[in-house]
Structure formats: structure tokens, C-alpha cells
Amino acid sequence: MQPPSRRDFVSLTVTDSGGYTNGKQRRQSCWRKWKQLSRLQRSLILFVLALLLIGGIATYPRLSAHSGDTAVEGNGSEGKQPFVVDMKNQARLALPEPPSERKISRKRGPPVLQNRVQSKGNGSEPQGAELKIVEEEDGTKKLISWRGAVIEAEQGTDPNAKEKEKAAEPEDPSAVQQAESRLEAVREAFRHAWKGYKDFAWGHDELKPVSKSHSEWFGLGLTLIDALDTMWILGLKEEFQEAREWVDKELSFNKNVDVNLFESTIRILGGLLSTYHLTGDVLFLEKAKDIGSRLMPAFSTPSKIPYSDVNIGKGTAHPPRWTSDSTVAEVTSIQLEFRELSRLTGDPKYQAAVMEVMRQVHKLEGKQDGLVPMFINTNSGQFTHLGIYTLGARADSYYEYLLKQWIQGGKKETELLEDYLQAVEGVKKNLLKKSSPLGLTFVGELSHGHFSPKMDHLVCFLPGTLALGAHHGLDAEHMELAKQLMETCYQMYAQMETGLAPEIAHFNMQTGSAQDVDVKLADRHNLLRPETVESLFYLYRFTKDKKYQNWGWEILQSFNKYTRVETGGYTSINNVRDPKNPSPRDKMESFFLGETLKYFYLLFSDDPNLVSLDKYVFNTEAHALPIWPQAE
């Protein structure tokens, strides 16, 4: 049926009388006119009224705040006063930003993730607000509320604002539980590796887990010393105590043995210094002084560029038997440790020796846009094998230590910073390319003007180093490049059948390639290296993007699946492309405990003060050394 016509209904509302109409008649007339409107018209009117009502409710708290009393006292009053800023006393301060735009308070450089604000949309606020003014080193004043929210006089551009906004939000219980389970998984992996070392290689340099035996390099308990600070950070007190007893009663450097200057510096000297700083136990400082003094003969060369090998018992040094060259990475990646030894002992000779090397390298010819060759002669002090430039083996940690020395010394040594920045630009100009099909950014090599798409796994230190520089105030573009390279290093794992990266990868650059990463047969081994996990740690620490933790978790699971030995320990493997037969190599490098597992643990931890990157700088073996006091 059709609804009845409205004509008669409307006609009833028409009156010829121009006289008085009572209120009831007016109400009836309005109602009848309302009923005349179409459904669409009525809906639009109701929608507008609803918007006006919502707007009024939303603006009421702000109007109340502006009309309220003056500011709450800074010491956190006991009374239940509303949170109001005294704008008379804080005339220069901007109003609070919306919750989504608030920034975390920081002491210097990019924000340290110390203050946590409540999650967005939480309407409940604690009573008894606290308000205080903090003046930064640059004179900028900030007003900090009980939330940890910051009202800044001038808001700078923060390249990682979105990531740090995420970091400010508290995690839900399930995320906390997941984080703890992952930390425990790392502790369990360490205990399993330690069991193999203790059962089959105690006091020796390295474990051979498959054959349940050991191998010697220097005969100085290399794995044990490398793992000391890892045990302390992981909270493995029992294992740490038994290792300390061995250092106290068994470790002696009075041996007629040749050691590599670089390796013994970063692993032994660095490990002892780090453990001393973390524990305060002077035993480790005394041992560090002993080995440090025994390594000094390496610097007795015509050029002051050190020899590669030292006999720590006889006090003599020499180059390798086949050459008088040292690698550039080795002679320029011992500075953090010897500089710190001078600071602790008050003896300047250690720092003077290593900084002479840096001064010479700084002014040498043979660089290309800040990139250095791989070899340097100990007699002439000149670069050799010119024209080959890589960020892989024999050159990698030179670039890392340029930045870290600058940070360690309080950002005062401008030559180090200049060399680092020039090198980063040299990488962009000469070594940075894109792969196919995913368009991954990778770092190749240059040989006499010819580019090679070859990238060592060692190069995966670079994302972390770039991120560290950005954290300490360098160009925000460094962080963007770090993120791109981090994706590439992850893909070096993800595109392999075992989920583990090869020692060396070649990237396809031809359009239409099926896979970005190609691996030659001789390069398919995995040595349990730490560089990718190291960079994941830095990227997560600075951005709080959970994907970096998830990538790390995938890698740890692959290590457990393909390299774990049932009777204890983990082994390097020969073939990352054959999950059915990865072919164990029967060797667990000391850096698996000293670096890889340590960086896994730090990656999965959400505590920014667990080895704070504003207080410590890691050497190239993941041993934490303090940033010098004048830098604070």
C-alpha cells in the first residue's frame, strides 16, 4: 500500500487568522513541519546537531583548564589540583603538544629512551601532579610534567620522531612476556655453548664441538676471556665466577708464544678492560695492564706502524713471514683499547703509540674519497696494493673506529670525525648500488676503477655504525642509509635455505633477476658471525621498531636449528644453501660467545640502560668501554 497523501495533513496547519496562536499550537505546527521534511533532510539536521554537541564536549576541558587556578607546585603537591601550567612564569614555553607529537626528554644528542609516557587515549590520570623545569646544555628550557611529557621552547626536527613516539608507549603484558622468553632463550643458548667449552675445551682457546675437543691459537683461554663480560651482562653468576677463578689462578701471559696484535687487543685486552668496568674487580685491570705492556714491542718499527705479531714472552715483534705489510684494519682498530689503558694507568705511552698511527693514516696519499686501501707497509709507512677499496675484510673496522674514537674522547678530535664523514660520502659515491629484483641497497667493492657487487658479511657492521653516528648528532641521512642496509643484511639471511647468511654474497644487478643474493660455492660457509645481529641491536635500540627484534629472533632460531651440537656448543657450517646437509666445520669461534650471543641479548632487551650507548662504546669485539667523563 502507498502511504496516505500528506495534502490534507498539511492543510490543517494553515490558518487565515493573523491573530494570537497559543504555545501548544506552535509546538504542533513545528512538529508537523518537521514531519514534512524528507528522511534525508531530517538525518542531515540530526548529524549537524550531533557534531555541535561532540565539539562542545571536546572543548570543555580546555576551557576549564584556561579558567582554572595557577600552576601546581613543582614538588608534587599532595592536594588533588588540576594539571595547569602557569603561563605567567613560563611565557616562552609553548603549550603541550598533542600526545602523538610529544618528545622524550634527553640529556644530549638524540633522545635516550628513559621517560615513558602513558598510552594514548588513557583517560585516567594520577592525582598530585609534578611539574619541573629542566635547562639543557644548550640553554633550551623544557617543562616536564608527571607524564614525562616535554614542553619545549623550540622543537627541533627529529629524524626518528615516529620511532621514538612508539618507544614512549608502555608495552602490553604479552609483549613483556615475549621479550623475557627471548632473553631466556639467549641465556639457554649461552649455557649450552658454555657446557661444550667447559666439558671439552676448558682453559683452551676454542671449542671443537663435533669432535668434542679443542684447538689453540694463542694458548690463552681466548673463548673464556672473550665471554667474561657476556656472562656478566646475561646475569650468569655461577658461570662468571668459575671463569674468574680460572683468570685469577691459571691465566698467565708470561709465555713464549706469538700472538696477533689486533686479535689479542680486541679480544683479550678489550675483554679484560670491559669486564673491569662492568664489575669493578681490579683483578681484570691488573691482567689488562700485563697484556697491554707485553704488546707494546709491536710498535717498534721504522715507521711506527705496528707489526702484526708479538711474542709476549720474549718481548719481540715481527711482520708475517710472507710480507712486511700489515692490514689497515688491524693497525687502526686497536686505538679504543690502548687509549683506555692510558686513561686507567695514567701512562700516556699506550695512547701515544696508537694515535701516531692515526695521525699518519690521516695524512697518507692513496685514499679515494676517504676510502683507504687494505694494506700498509711497516717500514715505509705507506699504503700498498693501491686501487682496491672495500668495507669488508682488512679495512672494515678502520671506519668503525674513526667514529667510535671520536665518541670515546668526547667528540673533540675533529680529524677523526672529518675522516669518518668523508669516508661515508666515499661509500655513497663509489660503493653503493641497488640489486634486482627487490632493489636492495648494498655496498660493493672497487678494484682499479671497476665495481664488483661483492659484499662480505663483515660489511654488515655498517648499519649499526651509521645509526650510532646519527644517534650522536650526525646527519639524519645516515640513519636512513642504515635502515636500507639493515634490510639488505637481513635478506642475506632470509634468502638462504637455512636462514643463515654466507660469508660472502654477490648481488644481482641485472633486470629480471630471480633473486637478489647469489652465493659462490666457496663462499657458502657461516662462521657464527655477529655483524648483522650487532646492527640489529643498534637499529632497535635507537628506533624501537619491533621488526628488528623479530628478524633477530628468526636468525637465532636458524642458529639453533642448523649449528647447535647436541653434546654442547655451536659449530660453524660449510653450506648455508643446503638445509639437509649444512656440513659442520667443527669449530666454535670465541666471538660467538663474546659478540653474537651478547648482541642477541641486548637486541631482545628493552632496557636502554643495559650498557647505555650514551655511557659506553663497544669495541669491534663487542667489549664495552666507557665514554670518557669529559664527554658527559
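- Looking up the chain in an unreviewed UniProt entry gives the name alpha-1,2-Mannosidase, with the organism given as Astyanax mexicanus.
- In the Cofactor (unreviewed entry) part of its UniProt record, the chain is described as follows: "Ca(2+)".
- Database annotation for the chain, UniProt heading Subcellular location (unreviewed entry): "Endoplasmic reticulum membrane".

Digging into the state of the cysteines
Line of reasoning, step 1. Applying the stated criterion across every chain, the model contains 1 disulfide.
Line of reasoning, step 2. Here C460 engages in a disulfide with C489; their sulfurs sit 2.1 Å apart. Every disulfide takes its handedness from the sign of the S-S torsion; for C460 and C489 that torsion is -105°, giving left-handed. In this pair, C460 is assigned in the loop between β17 (454-456) and α15 (462-471) and C489 in helix α16 (residues 476-494), connecting sequence segments 29 residues apart.

Some thoughts on the UniProt feature "active site" (unreviewed entry) in the chain
Line of reasoning, step 1. UniProt's feature table lists "active site" (unreviewed entry) at E263, D396, E503 and E531, given in the numbering used throughout. Of the residues named above, E263, D396, E503 and E531 line the second largest pocket.
Line of reasoning, step 2. With respect to the element layout, E263 can be found in helix α8 (residues 261-279).
Line of reasoning, step 3. Look past the residues within four positions of E263 in its chain and what remains in contact with it is W217, F218 and I268.
Line of reasoning, step 4. Looking at the element boundaries, D396 is found in helix α13 (residues 396-408).
Line of reasoning, step 5. Residue classification places D396 among the buried residues on the basis of a relative accessible area of 13%.
Line of reasoning, step 6. Ignoring sequence-local partners within four residues, the contact set of D396 consists of A329, L391, L458 and F461.

Here we look at the sheet that holds strand β16 (residues 450-452)
Line of reasoning, step 1. One open sheet accounts for 3 strands, arranged β12-β15-β16; its pairing is antiparallel. The two strands at the open ends of the sheet, each matched to only one other strand, are β12 (388-389) and β16.
Line of reasoning, step 2. In this structure, β12 lies alongside strand β15 (residues 445-447), joined through 2 bridges in antiparallel fashion. Note on β15: the bridge partner recorded for Y389 is L446.

Thoughts on the UniProt feature "binding site: Ca(2+)" (unreviewed entry) in the chain
Line of reasoning, step 1. Summarizing the sequence annotation, UniProt attributes the feature "binding site: Ca(2+)" (unreviewed entry) to T620 in the numbering used throughout.
Line of reasoning, step 2. Residue class for T620 comes out buried when judged on its relative accessible area of 17%.
Line of reasoning, step 3. When residues no more than four places from it in sequence are discounted, the contact partners of T620 are F262, I266, S397, E400, Y401 and E595.
Line of reasoning, step 4. Polar side-chain contacts of T620 include one of 2.9 Å to the side chain of E400.

Things to note about the sheet that holds strand β19 (residues 517-518)
Line of reasoning, step 1. Ordered in space as β17-β18-β19, the 3 strands form an open sheet in which the pairing is antiparallel. What marks the edges here is a single partner per strand, and that holds for β17 and β19.
Line of reasoning, step 2. In this sheet, β19 lies alongside strand β18 (residues 504-507) in antiparallel orientation, the contact comprising 2 bridges. Residue pairing in the sheet places F507 in a bridge with V517 of β19.

Brief notes about the pattern of salt bridges
Line of reasoning, step 1. Taken as a whole, this structure holds 29 salt bridges when the rule is applied.
Line of reasoning, step 2. For the salt bridge of E188 with R564, the shortest nitrogen-to-oxygen distance reads 2.8 Å. Of this pair, E188 sits in helix α5 (residues 173-200) while R564 sits in the loop between α18 (546-562) and α19 (590-604); the two residues are 376 residues apart in sequence, bridging distant segments of the chain.
Line of reasoning, step 3. Since its relative accessible area comes to 31%, R564 is described here as partly exposed.
Line of reasoning, step 4. As a salt-bridge pair, K195 and D199 come within 3.0 Å of each other at their nearest N and O atoms.

Conventions we followed
- Residues numbered from 1 in each chain as written.
- Predicted model: local features only at pLDDT ≥ 70, side-chain atom pairs only at ≥ 80, totals over all residues.
- Heavy atoms only, no water.
- UniProt positions renumbered as here; feature names shortened; annotations may be inferred.
- Disulfide = S-S within 2.5 Å.
- Helix = DSSP H or I, 4+ residues; strand = E, 2+ residues; numbered from the N terminus.
- 1 Å grid on protein atoms, 1.4 Å probe; cavity = no way out; pocket = protein on both sides within 12 Å on 5 of 7 lines; lining within 4 Å.
- Contact = heavy atoms within 4.5 Å.
- Buried < 20%, exposed > 50% of the residue type's maximum accessible area, 1.4 Å probe, protein only.
- Pairing = 2+ DSSP bridges.
- Polar contact = N/O pair within 3.5 Å; in protein donor to acceptor, adjacent residues only side chain to side chain.
- Salt bridge = Lys/Arg side-chain N within 4 Å of Asp/Glu carboxyl O.

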